[in-house]
Amino acid sequence: MKSLTRAVIALAVLGSAPAQSLETVPATVSEMARHFRLDGVVEAVHQSTVAAQTSAQVEEVLFDIDDHVDKGEVIVVLRNTEQQAGVDQASASLQAARARLAEAEAEYGRVRDLFDRQLVSRQDMDRISATRKTARAALAAAEAGVSQASQQLEYTRIRAPYSGIVTERHVQVGEVARPGTPLMSGISLEELRVAVKIPQSIVHLVREHRSASVEMPNGEWVAARKVTVFPVADAGSGSFSTRLDLPPGQDGLFPGMYVKAAFVTGMTRVLTVPARAVVTRSEVTGIYALDRDGGISFRHIRPGRTLADGRMTILSGLDPGEQVILDPAAAVAALKSGTGGHAK
């Protein structure tokens, strides 16, 4: 450790060599969000179990676990013998109702003509009018019967309510499904969210700022589209359940995964420099900076985190306004050569 310290001091001494044509930028103070980091669990927004809505024997199961299904695709087929017979019967009833209405309409027209010429009584006119109304009602009922029977037939072809992945199949071919029988479960990976438990000590700050981001498997941070804080605390832990809705199409995330979530709890002022100016020398992290006399020195710093714009926060070892050399290799070359010049 002593030899490491001597190496750093030696670099500082060499810094008396003047800089020559080195590009520098000042260390700047920036205002940025202050974050509170917690662990969260990825959830699927759309996750459900499709159940049977009619009674029939399972004829086909077209998908299995981990299969991708598009919205509207048929996933299970039930035997439709009974349902098809219901449609045929309802269609026959509809045709009969239409025939009775046509007959009633024709009879109404004849009686109406006779009534206008005062050749039939009001009682006869009222009777034929009632017959026509009854025929119309019977037609409407027959049409409803066809619609209902067709729907029962459609229930034998179970379709995916959304695009997603099958997580579980509950039936096998040959089993009898009844209304409410679970058939297949699935999730959608298109829309995901992260469930996080936040302590009550910061819940008021989270509610105030309503801003958070989630770390992806590749190390990138993605801002949440919406932050929802439940209005009731857990009786045991005192924490509040929170949901972070993610933008659609986040690759690499799957329900059940643990991720880091960062909640904005306020603003803070930090010192930043370009991350490319930070180097590691003999296990010491530092930067090359210009002294007031124009010389170069190596400064031991305590770095923070790298920001999205390519800058790094500096926790200690550097003052605001100091000129930081962007190219560490060029700074080392200037130190070794000892050539004069002025930094630009």
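For the structure, see preceding data.
Cut-offs and rules
Residues numbered from 1 in each chain as written. Predicted model: local features only at pLDDT ≥ 70, side-chain atom pairs only at ≥ 80, totals over all residues. Heavy atoms only, no water. Helix = DSSP H or I, 4+ residues; strand = E, 2+ residues; numbered from the N terminus. Buried < 20%, exposed > 50% of the residue type's maximum accessible area, 1.4 Å probe, protein only. Contact = heavy atoms within 4.5 Å. Areas by Shrake-Rupley, 256 points an atom, 1.4 Å probe, with all protein chains shown as cover. Lys, Arg positive; Asp, Glu negative; His and termini not counted. Charge placed at Lys NZ, Arg CZ, Asp CG, Glu CD. Pairing = 2+ DSSP bridges. Phe/Tyr/Trp six-rings, centres within 6.5 Å; stacked < 30°, edge-to-face > 60°. Lys NZ or Arg CZ within 6 Å of the ring centre and 35° of its normal. Patch = residues over 30% accessible without salt bridge, like charges linked within 9 Å, V, L, I, M, F, W, Y side chains within 5 Å. Salt bridge = Lys/Arg side-chain N within 4 Å of Asp/Glu carboxyl O.

Caption draft 1: The overall build of the protein, seen in detail. Of the regular secondary structure elements, the protein holds five helices and 22 strands. For the protein, the spread of C-alpha atoms along the three principal axes comes to 125 × 55 × 45 Å. The proportion of buried residues among the 344 residues of the protein is 37%. Residue pairs at least 24 apart in sequence account for 72% of intrachain contacts in the protein once pairs closer than 6 positions are excluded. Accessible surface, the protein as shown: approximately 19,400 Å² in total, 51% of it carbon and sulfur. Charge-centre separation for the protein: the mean point of 38 positive side chains lies 6 Å from the mean point of 39 negative side chains.

Caption draft 2: Broad picture of the sheet that holds strand 5 (residues 68–69). With respect to topology, four strands assemble into an open sheet ordered 3-10-8-5, the strand pairing being antiparallel. Strands at the two margins of the open sheet, each flanked by one partner only, are strand 3 (47–51) and strand 5. Relative to strand 8 (residues 164–169), strand 5 is paired through two bridges, and the arrangement is antiparallel. Opposite histidine 68, over in strand 8, you have isoleucine 165 as the bridge partner.

Caption draft 3: Quick peek at the sheet that holds strand 7 (residues 157–159). Here four strands make up an open sheet; going across it, the order is 7-6-4-9 and the pairing antiparallel. Since the sheet does not close on itself, it has two edges, and those belong to strand 7 and strand 9 (176–177), each with one partner. The pairing of strand 6 (residues 74–78) with strand 7 spans three bridges and is antiparallel. Following the sheet pairing, valine 76 is matched in strand 7 by isoleucine 158.

Caption draft 4: Spotlight on the packing of aromatic side chains. As enumerated under the stated definition, the model contains one aromatic pair in all. Over the ring of tyrosine 108 we find arginine 132; its NZ or CZ atom is 3.8 Å from the centre of that ring.

Caption draft 5: Seen up close, a negative patch on the surface. A contiguous patch of negative charge, built from Asp70, Glu73, Glu190 and Glu191, is present on the exposed surface. By secondary structure assignment, the location of glutamate 190 is in the loop between strand 10 (182–187) and strand 11 (192–198). We classify glutamate 190 as partly exposed; its relative accessible area is 49%.

Caption draft 6: Examining unusual backbone geometry more closely. For aspartate 66, which is not glycine, the phi torsion reads 75° and is therefore positive. Relative to the elements of secondary structure, aspartate 66 occurs in the loop between strand 4 (56–61) and strand 5. For aspartate 66, a relative accessible area of 61% translates into the label exposed. In this model, arginine 210 sits at a positive phi of 50°, which is unusual for a non-glycine residue. Exposure remark for arginine 210: the relative accessible area of 39% places this residue in the partly exposed category.

Caption draft 7: Structural context of the environment of valine 222. The residue valine 222 is located in strand 13 (residues 221–223) in this model. Residue class for valine 222 comes out buried when judged on its relative accessible area of 15%. Apart from the residues lying within four places of it in its own chain, the contact partners of valine 222 are Ala212, Ser213, Val214, Met216, Pro247 and Gln250.

Caption draft 8: A look at the side chain of arginine 132. Looking at where arginine 132 falls in the secondary structure, it is placed in helix 3 (residues 122–154). A relative accessible area of 18% places arginine 132 in the buried class.

On their own, these measurements won't tell you what the molecule is for.
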